[in-house]
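So the chains spell out like this:
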Amino acid sequence: MLSNENVSGHSSGATPQGRSPPPATERQRRRRGQVEAMEERRRPGYSVHREVLDEEAVDEIAKKSDSKSSLREKLKKSMRCSGPRLKSCLLGSVPVLSWLPRYSLRDNCLGDLISGISVGIMQLPQGMAYALLASVPAVFGLYSSFYPVLVYFIFGTSKHISLGTFAVLSVMVGGVTERLAPDSNFMIWDNVTNASEVDVVARDAERVKVAAAVTFVSGLFQILLGLVQFGFVVTYLSEPLVRGYTTGAAIHVIVSQLKYTFGIRPVRHSGPLSLIYTVLEICYLLPKTNIGSLVVSVVAIICLILVKELNAYLSKKLPVPIPVELLGIVIATVISWQVNLKDKYGVDVVGLIPSGLQPPVLPDASLFGQVIGDAFALAVVGYGIAISLGRIFALKYGYKVDSNQELIALGLSNSIGGVFQCFAISCSMSRSMVQESTGGKTQVAGALSAVVILFITLWIGTLFEDLPKAVLAAIIYVNLQGMMKQFMDIRVLWRSNKVDMLIWVATFILTLLLNPDLGLAAAIGFSMLTVIFRTQLPKYSKLGQVPDTDIYRPLEDYDELKQVPGILIFRSSATLYFANAEMYQEALGEKSGIDITKLLSAKKKLEAKRKRHEKKNAKKAAKRSAANLEGGPERDGQNEIAIIEMDAEPDPSLPRAIILDLSPVNFLDTVAVKTLRSIRRDYGEVCIEVVLAGCSSGVIDNLQTAGFFNDRVTKSCLFSTVHDAVLHCQSAQKHSPHEDYNATHF
């Protein structure tokens, strides 16, 4: 029976006629305001009248269903084919078939056109710059901005992310290409200069093969993970982990570009601590800095930052942002061509850019075994960044991004891109923001940006052969300023969640020291360890009752709670499993003040002593019987019998019942079930009843399958709420006829 009653407050007052009320003081006005606010916040009350229910009663009343689908039935259902299901599967696998026929030219065409052109213009300098990070010729950055984007247009589900080259993935690819195709493998002797030099053409060709192979394998990983519905893997990449990782990877990106800024040629280092060795090598080579490259880089950085700040200042007035990077590479190319920076000042330039597209070539399968670990890291990082950004835009604009389909779309983009000598791609935050801000509403904007790149690759690319690499390095530095601002996360996380701050800092340090591939694996491992430690060290609490309610809260957190007499209510803030089961048992002993081991030992000793005396008395009785049969005088043996007195009443300082609140527990393993069984058995031997409360259906199933219940232990010891358990324990306690029964009904 449920009854509602509205609680409202009424105030009235009167003053004698002819006399005005005295002016209210500031304190009185404040008090009156507080009373009025409390009246406004007051909620309707409720009253429930029912019997105390355990899980057996709940199952009987609610008619618990035992029907569960078997694995065979689930597989049969999943393999069942029908017309509507086939159509849904086809549209889900190739999303362009579902949204393109409904594409509105009137609503979307203009915004997508402007957005596509703007993003395509950005793709040109970024593609060429990030190709340097991947240690491949600049033109392959343009290829990577064309083929994968078209594939994603067909299979992707996010309407706003801009797919293409990405700094973090590019530097990871660069680490693989320089490890498997180092300069030392391509040294040739120059008879003119009588010195050894690098065969750049052969080296770049081999590095392109390595980049294509690792990209192809990473795409296969993503497709496989998508087919087995493994999109949830991104949940292990928490936001602090991703931001700490991208910040650490950004440091790797910056260090890798310092050689172009200073015009030096440091030795390539690989493996853990390679970043430290590279920085030391650069510091050693600083006296050999090419002044021309340094000046070009500094001037380019200053100009790019100034124009980007102007863009931000005029963002509300400009319909389209100023294409600062495009203007930068055009102006730098013209100046380099006119001044002849390469020959006069030794400034390194992009060099030959072939026009046209490359024919498809299957990657070298012999390289797959050497890049499989790097490919998996690329697959996870690329997907994690893309799906995180895609979900942000999907939440903002009210549509759904399919995580598994995104894995397949990225996998097809990378695997097909690998066939066309592209390197690994993902989405870029800066390009995605431009695509959104310039009016892009669908994947058509991405396809149009690919058309812009195609036009540049076929007819305009050769014009940028005199572009200084120092300018591309400057573009990379400026584009990374957003990642550098992520250092501010440390202060914010310190205030909000210190564990998340620890994950951020640890991920950053591990990425710096172990490189992006191993650093990611170590960071995920560290993040998982923090979860394990938090479940191993939960907060254990004794609960008390909020007066006149069925609400129970930790006694140490509130001042006005009422502890239920004779009943201990115990709760752990974490789930119960093998890693913390023993600590759970120890914490229960500490909170209850019961040394259960000592009590059981004392009881066993007393029981053993009682049995010894019984045996001794039995022997004496047998001797007396024998003597009586022989006609001897009968002796009174009562005085010779030692009586072992047991406590008739339990220790009043101990609780009569213990309630284990399992509401925070979401699963139990076999170790946890054994722990609960031993707790119930051990405390039961010292006359303390133990019941469970707040068990979810999953926890009840775990108890059932692990053999917790038997002929003596049934579901009658399980209660849906703590208050049901309290009322049950109070009704079960024995009271003398003169004692008042103080139940906690309300």
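Residues numbered from 1 in each chain as written. Predicted model: local features only at pLDDT ≥ 70, side-chain atom pairs only at ≥ 80, totals over all residues. Heavy atoms only, no water.

**Some remarks on helix α18 (residues 429–437)**
Thought 1: Of the positions making up α18, those classed as buried are Arg-431, Ser-432, Val-434, Gln-435 and Glu-436.
Thought 2: Of the surrounding secondary structure, the elements contacted by the buried residues of α18 are α6 (105–133), β3 (163–164), α16 (368–397), β6 (426–427) and α19 (444–460).
Thought 3: In the segment just after α18, Gly-439 is the residue with positive phi, at about 105°. (Buried < 20%, exposed > 50% of the residue type's maximum accessible area, 1.4 Å probe, protein only. Helix = DSSP H or I, 4+ residues; strand = E, 2+ residues; numbered from the N terminus. Contact = heavy atoms within 4.5 Å.)

**Topic: the packing of helix α13 (residues 291–313) against helix α20 (residues 469–479)**
Thought 1: One can describe the packing of α13 onto α20 by two numbers: an axis separation of 8 Å at closest approach and a directional angle of 40°. Relative to α20, the element α13 lies oblique. The crossing of α13 and α20 is right-handed. Of the residues in α20, those touching α13 at Ser-293, Val-296, Ser-297, Ala-300, Ile-301, Leu-304, Ile-305 and Lys-308 are Ala-470, Val-471, Ala-474, Ile-475, Tyr-477, Val-478 and Asn-479.
Thought 2: Each residue belonging to the contact of α13 with α20 can be placed in one class, and the counts come to 11 nonpolar, three polar and one charged. (Axes fitted to C-alpha atoms, helices over the stretch in contact; angles between N-to-C directions. Parallel < 35°, antiparallel > 145°, perpendicular 65-115°, else oblique. Left-handed = near helix turned anticlockwise from the far one by under 90°. Nonpolar A, V, L, I, M, F, W, Y, C, P; charged D, E, K, R; others polar.)

**Comments concerning the side chain of Glu-325**
Thought 1: Its place among the elements puts Glu-325 in helix α14 (residues 324–339).
Thought 2: For Glu-325, a relative accessible area of 4% corresponds to the buried category.
Thought 3: The contact partners of Glu-325, leaving out residues within four places of it in the chain, are Met-122, Pro-125, Gln-126, Leu-304, Lys-308, Ile-475 and Asn-479.

**Some points on the nonpolar core**
Thought 1: By size, the foremost hydrophobic cluster in this structure holds 102 residues, and its most contacted members are Met-128, Met-172 and Leu-472.
Thought 2: The dominant element in this core, judged by the number of residues it contributes, is α16, at 13 residues.
Thought 3: Counting 35 residues, the second largest nonpolar core, distinct from the first, contains Ala-672, Leu-703, Val-713 and Cys-717. (Core = buried A, V, L, I, M, F, W, Y, C linked by side-chain atoms within 4.5 Å.)

**Brief notes about the sheet that holds strand β10 (residues 657–661)**
Thought 1: With respect to topology, six strands assemble into an open sheet ordered β8-β7-β9-β10-β11-β12, the strand pairing being mixed. A single partner strand is all that each edge strand has here, and the edge strands are β8 (552–554) and β12 (718–719).
Thought 2: In this structure, strand β11 (residues 689–693) lies alongside β12, joined through two bridges in parallel fashion. The residue of β12 that forms the bridge with Leu-692 is Leu-718.
Thought 3: Against the sheet, helix α26 (residues 670–685) engages β10 and β11, with an angle of about 145° to β11.
Thought 4: Its contacts with the sheet put helix α28 (residues 722–732) on β7 (540–545), β8, β9 (567–572), β10, β11 and β12, and the angle it makes with β11 is roughly 160°. (Pairing = 2+ DSSP bridges.)

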